[in-house]
Amino acid sequence: MLLAFDDTDGPVGGCTTHLAFHVLLALPELALTGMPRLVRLNPNVPWKTRGNGAVVLPLGIPRGPQVRVGELRGSEILAFPEAAPVQPSQDVIDRVWAVLAAQAQPGASPGVALFADAPPQAAYWETVRAFVEPASAKAALADLDVLHHAKGDGRALVGCLGAAAWAGPPSSYEVIAYREPARWGTARAVEPGPLFGLDASGATFHTEDPVAKRLACVPHTPDPVLIGLRGRDPERLRDAALRVLPLALREPVDGWLLWATNHASGDHVTPVADLSQSPPLGTLALEATVTATAERRQGGHAFVPLRDAAGAAFEAVAFEPTHAFRDALGALLPGDRLAVVGAFHEGVLRLEKLRIVSAAVQTIRRNPDCRRCGRRMRSKGPSTGFRCDACKEKMPSTAAVVEEVARRVDRAWHEPPVMARRHLHRPVAWG
């Protein structure tokens, strides 16, 4: 069965993934049948705290071969791929709810759902790409006859439903190491040296931001996470983490888990022909035409006016934390045809990717040469034409010479630096 829970953390603490330890301890007769799953859903939902991630634990009765997927205070956490199936029960829901209610941050609205089978995949695509009302998720769980419990309006059940419906395969994996409770809220003791260059081995990605020359794997929020290393091969990632973390960490690790995730999948992006097809709070991929040059506004944000295929006007923005990514907007000219990806809200597309599909021709106008003496003529004004200072010859304004300027156009995809990317952002290098 699949146990899903969500919305236990808050802006000043907590971590839903960390509660997996407490939940497993509350269910000693059950075991993981595979890696725990961390599923990111629509990043544009306004009530999210950080990454809008929900947790799913595949559970069964332990038997057969074992795989190490974590550790808690010196004890291994094992998964049993051939575990015996188990049916959902109210007792399991009650025990898990007791954990969530006790551990959830103030202001959080936790929820839990217990599935005998995964719900239809359509629920995942709806929750990762659009906005789903809590009432809609509740109705879907009732139709599926799924045991569930939630606080408040049931918004956590949206995450439970969508995460349980994620069929994979995982686009990436993450080893998350957790801090001792006494250290939560204090500065993390991490030595950067052993972690720089780890991505070059191929075992990890997004460990560092090579542009900012900073680690991207160490959070700065007051939660239980000490560090998170991501990779595309679970065994290589786990082995690299177990080798490197003892060298990099200067504080004890309370425990760690290997998660299967949809990070870097790009699943949140909806391809559309024009803005009229945008889902609520969606992240779009579409083509558009530049209508004016970009400008930097207060705060250092770069804006460029665009028009979609249906003629609707909107703006795209690259925010200041994207740094050099903003320069791609400054190189654009009116008439450039772009492929853009970004979250769309209230007439503004918040850029995640950008590429020039076709470039406008760049021209300059210059004064003509005098037809009598060959000297460069002088403009008498925007509507009065040209005059030669030497021989007094005159020519109309239509005599201006228009010349095409050679333009170096970069048609590659541009993306923000690692530190400014969303969890679901699919790196350009992955294709």
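On a predicted model such as this, the values are computed, not experimentally measured, just so you know.

Asks: Account for the overall build of the protein chain, with residues named and values stated.
Replies: Counting its secondary structure elements, the protein chain contains seven helices and 25 strands. In summary, the protein chain has a C-alpha radius of gyration of 28 Å against a globular reference of 22 Å for 431 residues, an excess of more than 25%. Per-residue burial for the protein chain yields a buried fraction of 49% across its 431 residues. For the protein chain, the proportion of contacts with a sequence separation of at least 24, taken over those separated by at least 6, is 67%. For the protein chain, the exposed area adds up to about 19,600 Å²; of that, 52% sits on carbon and sulfur atoms.

Asks: Tell me about the packing of aromatic side chains, and please be specific about residues and values.
Replies: Scanning the model with the defined rule gives five aromatic pairs in all. Considering the side-chain rings of Trp47 and Phe131, the 5.6 Å spacing of their centres and the 55 degrees angle between planes classify their relative orientation as tilted. In this pair, Trp47 sits in the loop between strand S3 (37–40) and strand S4 (53–60) while Phe131 sits in the loop between helix H3 (122–129) and helix H4 (134–143), placing the two residues 84 residues apart along the sequence. Consider the rings of Phe205 and Trp430, whose centres lie 4.9 Å apart with planes at 75 degrees: the pair is edge-to-face. Pair noted here: Phe205 is in the loop between strand S9 (172–179) and strand S10 (208–209) and Trp430 is in the segment after strand S25 (401–404), with a separation of 225 residues, a long-range link. In this structure, Phe205 and Trp430 share a single accessibility class: buried. It is Arg232 that lies over the ring of Trp430; its NZ or CZ is 3.6 Å from the centre.

Asks: Tell me what's going on with the pairing of strand S20 (residues 348–358), and back it up with residues and numbers.
Replies: Working note: regular strand, side chains alternate between the two faces of the sheet. With three bridges joining them, strand S18 (residues 313–318) and S20 adopt parallel strand pairing. Across the sheet, Ala316 pairs through a bridge with Leu349, a residue of S20. Where strand S19 (residues 337–345) folds back on S20, the antiparallel hairpin that results is connected by two residues, among which Glu346 adopts a positive phi of roughly 50 degrees.

Asks: Provide a residue-level description of the side chain of Asp7, including the pertinent values.
Replies: Its location among the elements puts Asp7 in the loop between strand S1 (2–6) and helix H1 (19–26). In this structure Asp7 is buried but unpaired, with Arg155 as the nearest side chain of opposite charge at 4.9 Å. At a separation of 3.4 Å, a polar atom in the side chain of Asp7 contacts the main-chain amide nitrogen of Ser109. Ignoring anything within four residues of it in the chain, the contact list for Asp7 reads Thr16, Ala108, Ser109, Pro110, Arg155 and Ala156.

Asks: Pulling in residues and values, what's your account of H3?
Replies: Within the sequence span of H3, burial applies to Ala123, Tyr124, Thr127 and Val128. Taken around the axis of H3, the buried residues stretch over an arc of 120 degrees, which confines them to a single face. Those residues of H3 that are buried lie in contact with S3 and helix H5 (155–165).

Asks: Before we move on, could you go through the pattern of salt bridges and cite the residues and values that matter?
Replies: For the structure on display, the rule yields 24 salt bridges. With a shortest N-O distance of 3.6 Å, Arg183 and Glu180 are connected by a salt bridge. Looking at Glu180, the relative accessible area reads 28%, which means it is partly exposed. Ionic pairing is found between Glu403 and Arg366, a salt bridge with its closest N-O pair at 2.9 Å. Placement of the pair is Glu403 in strand S25 and Arg366 in strand S21 (residues 363–366), with a sequence separation of 37 residues. By relative accessible area, Arg366 is classed as partly exposed at 23%. Linked through salt bridges whose partners overlap, the residues forming this network are Arg366, Asp369, Arg376 and Glu403.

Asks: How would you summarise the nonpolar core if you had to cite specific residues and measurements?
Replies: Most often, soluble globular proteins have nonpolar side chains that are buried together. Ranked by size, the top nonpolar core spans 34 residues in total, and within it Leu3, Phe5, Leu57 and Leu59 carry the most contacts. By residue number, the principal contributor to this core is helix H2 (residues 90–103), which donates six residues. Dropping the residues within four chain positions of it, Leu57 is found in contact with Met1, Leu2, Leu3, Phe5, Ala20, Val23, Leu24, Leu32 and Pro36.

Asks: An account of the sheet that holds strand S23 (residues 385–387) is needed here, citing residue identities and associated values.
Replies: Read from one edge to the other, the open sheet built from three strands follows the order S22-S23-S24, with strand pairing classed as antiparallel. The strands lining the two open edges of the sheet, one partner per strand, are strand S22 (378–381) and strand S24 (394–395). Pairing of S22 with S23 involves three bridges; the strand directions are antiparallel. In the sheet register, Arg378 faces S23, and the bridge partner there is Arg387.

Asks: Talk me through the packing of H3 against H5; I want residue IDs and the actual numbers.
Replies: Put simply, H3 and H5 touch, their axes get as near as 7 Å, and they point 125 degrees apart. Comparing their axes, H5 and H3 come out oblique. The two elements H3 and H5 meet at a crossing, and its hand is left-handed. Along its contact with H3, which presents Ala123, Tyr124 and Thr127, the element H5 presents Val158, Leu161, Gly162 and Ala165.

Asks: Describe the packing of H1 against H2, listing the residues and the values that go with them.
Replies: As a packed pair, H1 and H2 sit with axes 9 Å apart at the nearest point and diverge in direction by 145 degrees. Judged by the sense of rotation from one axis to the other, the crossing of H1 with H2 is right-handed. Contacts between H1 and H2 pair Leu19, His22, Val23 and Ala26 from the former with Arg95, Val96, Val99, Leu100 and Gln103 from the latter. When the residues that make up the contact of H1 with H2 are grouped by side-chain class, the tally is six nonpolar, two polar and one charged.

Asks: Describe unusual backbone geometry, listing the residues and the values that go with them.
Replies: The residue after Gly168, namely Pro169, is reached through a cis peptide bond having omega 0 degrees. Residue position: Pro169 is located in the loop between H5 and S9. Residues other than glycine seldom take positive phi values, yet His206 does so here, at roughly 60 degrees. Tracing the chain through its elements places His206 in the loop between S9 and S10. Even without being glycine, Ala264 reaches a positive phi, approximately 65 degrees. If you trace the backbone, Ala264 turns up in the loop between strand S13 (253–261) and strand S14 (269–271).

Conventions we followed
Residues numbered from 1 in each chain as written. Predicted model: local features only at pLDDT ≥ 70, side-chain atom pairs only at ≥ 80, totals over all residues. Heavy atoms only, no water. Helix = DSSP H or I, 4+ residues; strand = E, 2+ residues; numbered from the N terminus. Rg over C-alpha atoms; globule rule 2.2 N^0.38 Å. Buried < 20%, exposed > 50% of the residue type's maximum accessible area, 1.4 Å probe, protein only. Contact = heavy atoms within 4.5 Å. Areas by Shrake-Rupley, 256 points an atom, 1.4 Å probe, with all protein chains shown as cover. Phe/Tyr/Trp six-rings, centres within 6.5 Å; stacked < 30°, edge-to-face > 60°. Lys NZ or Arg CZ within 6 Å of the ring centre and 35° of its normal. Pairing = 2+ DSSP bridges. Lys, Arg positive; Asp, Glu negative; His and termini not counted. Salt bridge = Lys/Arg side-chain N within 4 Å of Asp/Glu carboxyl O. Polar contact = N/O pair within 3.5 Å; in protein donor to acceptor, adjacent residues only side chain to side chain. Arc of directions from axis to C-beta. Core = buried A, V, L, I, M, F, W, Y, C linked by side-chain atoms within 4.5 Å. Axes fitted to C-alpha atoms, helices over the stretch in contact; angles between N-to-C directions. Parallel < 35°, antiparallel > 145°, perpendicular 65-115°, else oblique. Left-handed = near helix turned anticlockwise from the far one by under 90°. Nonpolar A, V, L, I, M, F, W, Y, C, P; charged D, E, K, R; others polar.

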